[in-house]
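# Report on the structure
So you can see what is in the structure, the chains are spelled out below.
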Amino acid sequence: MAEPESLRCSSVRNRGGVQRVEGKLRASVEKGDYYEAHQMYRTLFFRYMSQGKHAEARQLMYNGALLFFSYNQQNSAADLSMLVLEVLEKSDTKVEDEILENLAKLFSLMDPNSPERVAFVSRALKWSTGGSGKLGHPKLHQLLAVILWKEQNYSESRYHFLHSSDGEGCAQMLVEYSSSRGYRSEVDMFVAQAVLQFLCLKNKNSASVVFSTYTEKHPSIEKGPPFVQPLLNFIWFLLLAVDGGKLTVFTVLCEQYQPSLKRDPMYNEYLDRIGQLFFGVPPKQSPSYGGLLGNLLNSLMGSGEEDDGAEEAHEDSSPIELD
């Protein structure tokens, strides 16, 4: 009994010590001694890390980053945010919702145009992998997507929604994106590309949800199915065909709707991949796409053989544009 009691006392002392240190650091920041406070945070970080106090180091850096952000000290805040990631990378910290929410909070406070934000999100996604896929944890992608949506950065938001499991949120964002930035004649293309890309990522459920939610909520789409726009009818039939898995149905469907599918040269490339994933179509020996387009497709479709370098390039790249 004595040992647990001593451990509890030690833990209480540690918390009290951390709180006193944080009080001193906060006082320095409030006085405007930003540089001194920043250097004190860094010194404490390395001290805690050398002592194996990973949780304390992470919490101190997180609180410090929030404090600097509140005083618009972007550089110091971004630096401490990177140290939060360094703790996660060097410790055995498990991926938990609270940590993902903390990372998203730091991301939301960073200057949207800063190079530090790009580096931060790339490292955060890589750390969050934790067995949930090479491109980052779906929950973190969802949190990032919502932040970027609020910033009206629709194309980046769309990319992160694609790698989440939030088909409904993606659809609502696309309705706003289409209504505010798109042509009325392209209202069907916004959701068609999203559905095809979700299917290429083998996320059939989100593909269905994004289609049904978008077509229900978009003010320029009349209630269906069937729909006025042939491309929407194609997507509706495609989702039914994916559930059935019959190659002949898929083949006839693609042939019948070629006029609509020719509106975007990427559609048939996506459908080639969907044919392989859901209908047993053998992959082409000589892909018709190459170079940048090929890399774009491979990164989107999550090729299992990507090396780390390719993965980094993907995470730092811009999302596929709608037009």
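Rules used throughout
- Residues numbered from 1 in each chain as written.
- Predicted model: local features only at pLDDT ≥ 70, side-chain atom pairs only at ≥ 80, totals over all residues.
- Heavy atoms only, no water.
- Salt bridge = Lys/Arg side-chain N within 4 Å of Asp/Glu carboxyl O.
- Helix = DSSP H or I, 4+ residues; strand = E, 2+ residues; numbered from the N terminus.
- Buried < 20%, exposed > 50% of the residue type's maximum accessible area, 1.4 Å probe, protein only.
- Patch = residues over 30% accessible without salt bridge, like charges linked within 9 Å, V, L, I, M, F, W, Y side chains within 5 Å.
- Areas by Shrake-Rupley, 256 points an atom, 1.4 Å probe, with all protein chains shown as cover.
- Lys, Arg positive; Asp, Glu negative; His and termini not counted.
- Charge placed at Lys NZ, Arg CZ, Asp CG, Glu CD.
- pLDDT = per-residue confidence, 0-100.
- Contact = heavy atoms within 4.5 Å.
- Phe/Tyr/Trp six-rings, centres within 6.5 Å; stacked < 30°, edge-to-face > 60°.
- Lys NZ or Arg CZ within 6 Å of the ring centre and 35° of its normal.
- Core = buried A, V, L, I, M, F, W, Y, C linked by side-chain atoms within 4.5 Å.

Let us now look at the pattern of salt bridges. Pairing between side chains of opposite charge can happen when the charged atoms of each approach one another. Taken as a whole and assessed by the stated rule, the structure comprises seven salt bridges. Measuring nitrogen to oxygen at the nearest pair gives 2.7 Å for the salt bridge that ties Glu151 to Arg117. With Glu151 in the loop between helix H7 (138–150) and helix H8 (154–162) and Arg117 in helix H6 (residues 115–128), the pair connects residues that are 34 residues apart, well separated along the chain. You can call Arg117 buried: its relative accessible area is 4%. Between Arg263 and Asp188 there is a salt bridge, and its shortest N-O distance comes to 2.6 Å. In this pair, Arg263 sits in the loop between helix H14 (258–261) and helix H15 (266–279) while Asp188 sits in helix H10 (residues 187–200), placing the two residues 75 residues apart along the sequence. Accessibility expressed as a relative area gives 2% for Asp188, which makes it buried.

Following Gly224, the chain continues to Pro225 via a peptide bond in cis, the omega torsion being -5°. Position of Pro225 relative to the elements: it lies in the loop between helix H11 (204–217) and helix H12 (230–244). The omega angle of the peptide bond from Pro225 to Pro226 is -5°, so this bond is cis rather than trans. Turning to its location among the elements, Pro226 is positioned in the loop between H11 and H12. One non-glycine residue, Asn72, lies in the positive phi region at around 55°.

Taken together, the side chains of Glu96, Asp97, Glu98 and Glu101 define an acidic patch exposed on the protein surface. Positionally, Glu98 belongs in helix H5 (residues 97–109). Using a relative accessible area of 55% as the deciding quantity, one classes Glu98 as exposed.

Before going further, it helps to examine the confidence of the model for the protein. Confidence in the prediction for the protein averages 87 pLDDT; 81% of positions are at 70 or higher. Note that pLDDT drops below 50 for residues 302–323; the model gives that stretch 35 contacts with residues more than four away or on any other chain.

Time to look at the packing of aromatic side chains. Tallying each qualifying case throughout the model produces 11 aromatic pairs. Ring centres of Phe211 and Phe227 lie 5.7 Å apart, and the angle between their planes is 80°; on these two criteria the pair is classed as edge-to-face. Of the two residues, Phe211 sits in helix H11 while Phe227 sits in the loop between H11 and H12, which places them 16 residues apart along the sequence. Like Phe227, Phe211 is buried. Taken together through their ring pairs, the aromatic side chains of Phe234, Trp236, Phe237 and Tyr257 make up a single cluster. Over the aromatic face of Phe107 sits the side chain of Arg117, whose NZ or CZ is 3.8 Å from the ring centroid.

So, about the side chain of Glu22. For Glu22, the location among the structural elements is in helix H1 (residues 2–30). One buried charged residue, Glu22, remains without a salt bridge, the closest side chain of opposite sign being Arg26 at 6.4 Å. Once residues within four sequence positions are removed from consideration, Glu22 is found in contact with Leu60 and Asn63.

Locating Asn233 in the fold gives a position in helix H12. Given the relative accessible area of 10%, Asn233 is considered buried. The residues contacting Asn233, other than those within four sequence positions of it, are Pro226, Phe227 and Tyr257.

The subject of this paragraph is the nonpolar core. Val195, Tyr214, Phe234, Leu238 and Leu271 are the most contacted members of the largest nonpolar core, which totals 48 residues. Those elements that provide at least two residues to this core are H7, H8, helix H9 (167–181), H10, H11, H12, helix H13 (247–256) and H15. With 11 residues, the single largest contributor to this core is H10. In this structure, Ala37, Ala57, Leu85 and Leu143 belong to the second largest nonpolar core, which totals 42 residues.

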